[in-house]
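Observations on the model geometry
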Amino acid sequence: MEGLWGGRFGEGMADAMIPLNRSLNVDYRLWPHDVRGSQAWARALVRAGVLTSEEGITLVSGLEKVAETLTEQDFSEAQDEDIHSLVERLLREEVGPIAGKLHTGRSRNDQVATDFRLWGMEAGHEVTDFIHDLLSSFRSLAERSLEIILPGHTHLQQAQPIRGAHWALSHFWPLLRDRDRFIQAGIAASSLPLGSGALAGCPFPIDREWLREALGFQRISENSLDAVSDRDWAVEMAFAGALLGVHLSRLGEDLVLFSSREFGYLKLPEGFCTGSSLMPQKRNPDAAELVRGKTGRLLGNLTGLLTLLKGLPTGYNRDLQEDKELLFDTVDTLLQVLPVMRGVVGMAQFNEESIEKGLDPELLATDIADYLVRKGVPFRESHQVVGKLVREGEEREEPLSQLPFHLFKNLHPAFEEDVRQIFSFESSVEAREVSGGTARGAVEAQLELARQALAAPLG
Ligand code: ARG
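Attention in this report is confined to the structure presented alongside it.

**Here we look at the overall build of the protein chain**
Secondary structure summary: the protein chain contains 18 helices and six strands in total. Its C-alpha radius of gyration of 31 Å places the protein chain more than 25% over the 23 Å reference for a compact globule of 459 residues. Projected onto its principal axes, the C-alpha positions of the protein chain cover 100 × 50 × 40 Å. Going through the 459 residues of the protein chain one by one, you find that 49% of them count as buried.

**Some words on the nonpolar core**
By size, the foremost hydrophobic cluster in this structure holds 101 residues, and its most contacted members are W167 and L248. Broken down by element, this core gets its largest block of residues, 14 residues, from helix 10 (residues 232-258). In this structure, Y371, V377, V385 and F415 belong to the second largest nonpolar core, which totals 21 residues.

**Side note on the pattern of salt bridges**
For the structure shown, the criterion picks out 35 salt bridges. Residue R181 pairs with D178 through a salt bridge whose shortest N-O separation is 3.2 Å. Of the two residues, R181 and D178 are both situated in helix 7 (residues 164-189); the distance of three residues between them amounts to about one turn of the helix. The buried category is assigned to D178, whose relative accessible area is 0%. Notably, a salt bridge pairs E253 with R292, separated by 2.4 Å at the nearest N-O pair. Pair noted here: E253 is in helix 10 and R292 is in helix 11 (residues 286-309), with a separation of 39 residues, a long-range link.

**Some points on the packing of helix 10 against helix 11**
Relative orientation and spacing of two packed helices are given, respectively, by the angle between their axes and the distance between those axes. The contact between helix 10 and helix 11 brings their axes to 8 Å, and the two run at 160 degrees. On the basis of their axis angle, the class for helix 10 and helix 11 is roughly antiparallel. Of the two elements, helix 10 crosses helix 11, and the hand of that crossing is left-handed. Counted by class, the contact of helix 10 with helix 11 contains 17 nonpolar, five polar and three charged residues.

**Points about the packing of aromatic side chains**
The tally for this structure, following the rule as stated, stands at 14 aromatic pairs. Judged by centre distance (5.2 Å) and plane angle (40 degrees), the rings of W167 and F258 are tilted. Here W167 is found in helix 7, whereas its partner F258 is found in helix 10, with 91 residues between them in sequence. Summarising the aromatic geometry, the rings of W167 and F350 are spaced 6.1 Å apart at their centres and angled 85 degrees between planes, so their arrangement reads as edge-to-face. With W167 in helix 7 and F350 in strand 6 (residues 349-350), the pair connects residues that are 183 residues apart, well separated along the chain. When its relative accessible area of 6% is taken as the criterion, W167 is described as buried. A cation sits over an aromatic face here: R8 above F9, 5.9 Å from the ring centre. One cation-aromatic arrangement involves R29 over F328; the distance from NZ or CZ to the ring centre is 4.3 Å.

**Quick notes on the pairing of strand 2 (residues 157-163)**
Direction of pairing for strand 1 (residues 149-154) relative to strand 2: antiparallel, over a ladder of six bridges. Bridged to T154 within strand 2 is Q157. A loop of two residues connects strand 1 with strand 2, the two strands running antiparallel in sequence, and H155 in this loop sits at a positive phi of about 55 degrees.

**A look at helix 18 (residues 440-455)**
Here helix 18 contains 16 residues, and its C-alpha end-to-end distance of 22 Å stays within 8% of the 22 Å for a straight helix at 1.5 Å per residue. Burial in helix 18 covers these residues: A442, V443, Q446, L447, A450, A453 and L454. The buried residues of helix 18 occupy one face: seen down the axis, they fall within an arc of 140 degrees. Where the residues of helix 18 are buried, they touch helix 6 (108-143), strand 2 and helix 7.

**So, the packing of helix 3 (residues 31-47) against helix 5 (residues 83-95)**
At a minimum axis distance of 10 Å, the contact between helix 3 and helix 5 shows a crossing angle of 60 degrees. With respect to helix 5, the element helix 3 is oriented oblique. Of the two possible hands of crossing, helix 3 and helix 5 adopt the one that is right-handed. On the side of helix 3, the interface is formed by W31, D34 and V35, while helix 5 contributes I83, H84 and V87. The residue makeup of the contact of helix 3 with helix 5, split by class, is four nonpolar, one polar and one charged.

**Describing helix 10**
Look at helix 10: 39 Å from first C-alpha to last across 27 residues, which is about the 39 Å you get at 1.5 Å a residue. Among the 27 residues that make up helix 10, 20 are buried, leaving the element largely enclosed by the rest of the structure.

**Re a negative patch on the surface**
On the surface, a cluster of negative charge is contributed by E64, E68, E72 and E94. For the negative patch, the element with the most residues is helix 4 (residues 53-72), which contributes three residues. Its location among the elements puts E64 in helix 4. Given a relative accessible area of 39%, E64 falls into the partly exposed group.

**Observations regarding the site of the ligand**
The environment of the ligand is formed by S23, D27, D82, H84, R108, N109, V112, Y316, R318, Q321 and K324. Contact distances for the ligand include 3.1 Å between a nitrogen atom and a side-chain N or O atom of N109. Contact between the ligand and Q321: a nitrogen atom at 2.8 Å from a side-chain N or O atom of the residue. About the coverage of the ligand: the protein hides 86% of its 340 Å² of free accessible area.

Scoring rules and cut-offs
- Residues numbered from 1 in each chain as written.
- Predicted model: local features only at pLDDT ≥ 70, side-chain atom pairs only at ≥ 80, totals over all residues.
- Heavy atoms only, no water.
- Helix = DSSP H or I, 4+ residues; strand = E, 2+ residues; numbered from the N terminus.
- Rg over C-alpha atoms; globule rule 2.2 N^0.38 Å.
- Buried < 20%, exposed > 50% of the residue type's maximum accessible area, 1.4 Å probe, protein only.
- Core = buried A, V, L, I, M, F, W, Y, C linked by side-chain atoms within 4.5 Å.
- Salt bridge = Lys/Arg side-chain N within 4 Å of Asp/Glu carboxyl O.
- Axes fitted to C-alpha atoms, helices over the stretch in contact; angles between N-to-C directions.
- Parallel < 35°, antiparallel > 145°, perpendicular 65-115°, else oblique.
- Left-handed = near helix turned anticlockwise from the far one by under 90°.
- Nonpolar A, V, L, I, M, F, W, Y, C, P; charged D, E, K, R; others polar.
- Phe/Tyr/Trp six-rings, centres within 6.5 Å; stacked < 30°, edge-to-face > 60°.
- Lys NZ or Arg CZ within 6 Å of the ring centre and 35° of its normal.
- Pairing = 2+ DSSP bridges.
- Expected span 1.5 Å × (residues − 1).
- Arc of directions from axis to C-beta.
- Contact = heavy atoms within 4.5 Å.
- Patch = residues over 30% accessible without salt bridge, like charges linked within 9 Å, V, L, I, M, F, W, Y side chains within 5 Å.
- Areas by Shrake-Rupley, 256 points an atom, 1.4 Å probe, with all protein chains shown as cover.
- Lys, Arg positive; Asp, Glu negative; His and termini not counted.
- Charge placed at Lys NZ, Arg CZ, Asp CG, Glu CD.
- Near = heavy atom within 4 Å.
- Polar contact = N/O pair within 3.5 Å; in protein donor to acceptor, adjacent residues only side chain to side chain.

By themselves these figures say nothing about function.
And the structure:
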């Protein structure tokens with residue numbers, strides 16, 4: 001019964017072994033790549049003089065029919081072990097025993113490695129495009145929040161004022177790096193293993209350079225033994241996914257906090273929020289929480305893949321069958337969460353009034369210290385002085401900006417009446433003109449860099 005390798009066996013497979021052995025439920029999605037790879041292989045066999053051109057045409061058009069069949073409906077049966085055996089069985093039903101010539105010089109080891117990479121190259125592009133869309137929504141959020149000044153945080157404590165656009169763009173750059181990592185992982189995938197056979201290479205004069213071109217790979221693998229078990233590209237893609245997940249989870253956390261009553265900075269679009277079955281007033285930021293939660297599996301997939309590979313002996317080992325489910329899950333998860341984040345960010349609105357109410361003059365403490373520095377006071381000393389002022393304000397239960405001038409003067413003679421001008425959130429952000437800073441000009445320049453990065457052709 002075991003169509004692909006039964007000759008050596010006297011007995012059928014044990015019932016308990018069948019479901020463990022079978023990977024069709026996972027690798028079914030590779031059928032378009034398997035068909036494409038097999039068509040190229042049939043042509044390469046013709047070019048090598050192993051098949052006649054008539055045989056080649058029969059196989060290639062038979063495979064085309066298989067593709068049409070599988071486009072219509074899933075024709076898999078319990079006997080099909082994996083996508084490679086399914087495609088071959090359907091081909092045999094289509095063209096008869098000549099289907100048996102297709103696997104000449106090829107192994108499922110180089111076949112699956114090729115299919116998986118073909119899929120990986122596509123998946124890399126798809127995720128890259130989705131990240132690109134999310135990046136665009138951050139760019140437009142930044143464009144509409146240049147005027148907003150909100151408290152920036154360290155240790156989740158109010159620290160210094162920043163522009164809303166500056167916060168928005170602080171999520172742009174990590175995502176841009178993620179996009180580049182996906183491009184790189186796609187490039188890593190783009191090395192052709194086909195022609196490696198089971199481990200030692202193909203004994204027929206296959207033109208691998210022609211195969212590479214036909215299948216759209218950038219390079220061919222250098223070593224057949226390495227090629228059948230090299231999953232580095234998959235690890236790289238899983239890593240790109242894990243780190244992207246970490247970034248999305250941090251964004252999710254910001255959105256959860258910022259949309260809370262306690263912060264009140266952002267209003268999230270209703271279509272991405274849910275209510276409570278019990279509390280009628282609730283409007284929960286579930287999208288951001290679910291995205292944050294999904295990061296767990298992205299990290300798990302990377303860890304799972306690395307653990308799977310660790311300590312494997314040289315050559316193909318069946319453990320490798322487990323590689324696909326993990327990376328498929330990473331990509332599926334990302335294709336689900338990225339459009340959600342895009343929707344949330346694209347429609348999020350800053351709540352100016354409530355942000356303004358939340359701006360505490362203590363956010364300007366550093367600016368007062370810097371004021372003294374400009375009057376010649378060493379920063380360490382001015383830091384001490386302003387620390388004392390803050391304490392004074394706390395004791396009197398008065399905001400820093402309302403403290404009487406003589407308190408300033410008592411603490412340091414360099415204070416003059418013009419210190420009042422420091423109590424402006426606008427002046428504080430405008431002081432930070434340094435490139436990468438939060439002043440309008442610097443943020444506009446940053447926004448321009450973001451626009452250019454989005455417009456640049458992909459690597
Ligand atoms: N389904 C297998 C996989 O995903 C295909 C390769 C099988 N090779 C083998 N020698 N049994 O890895």
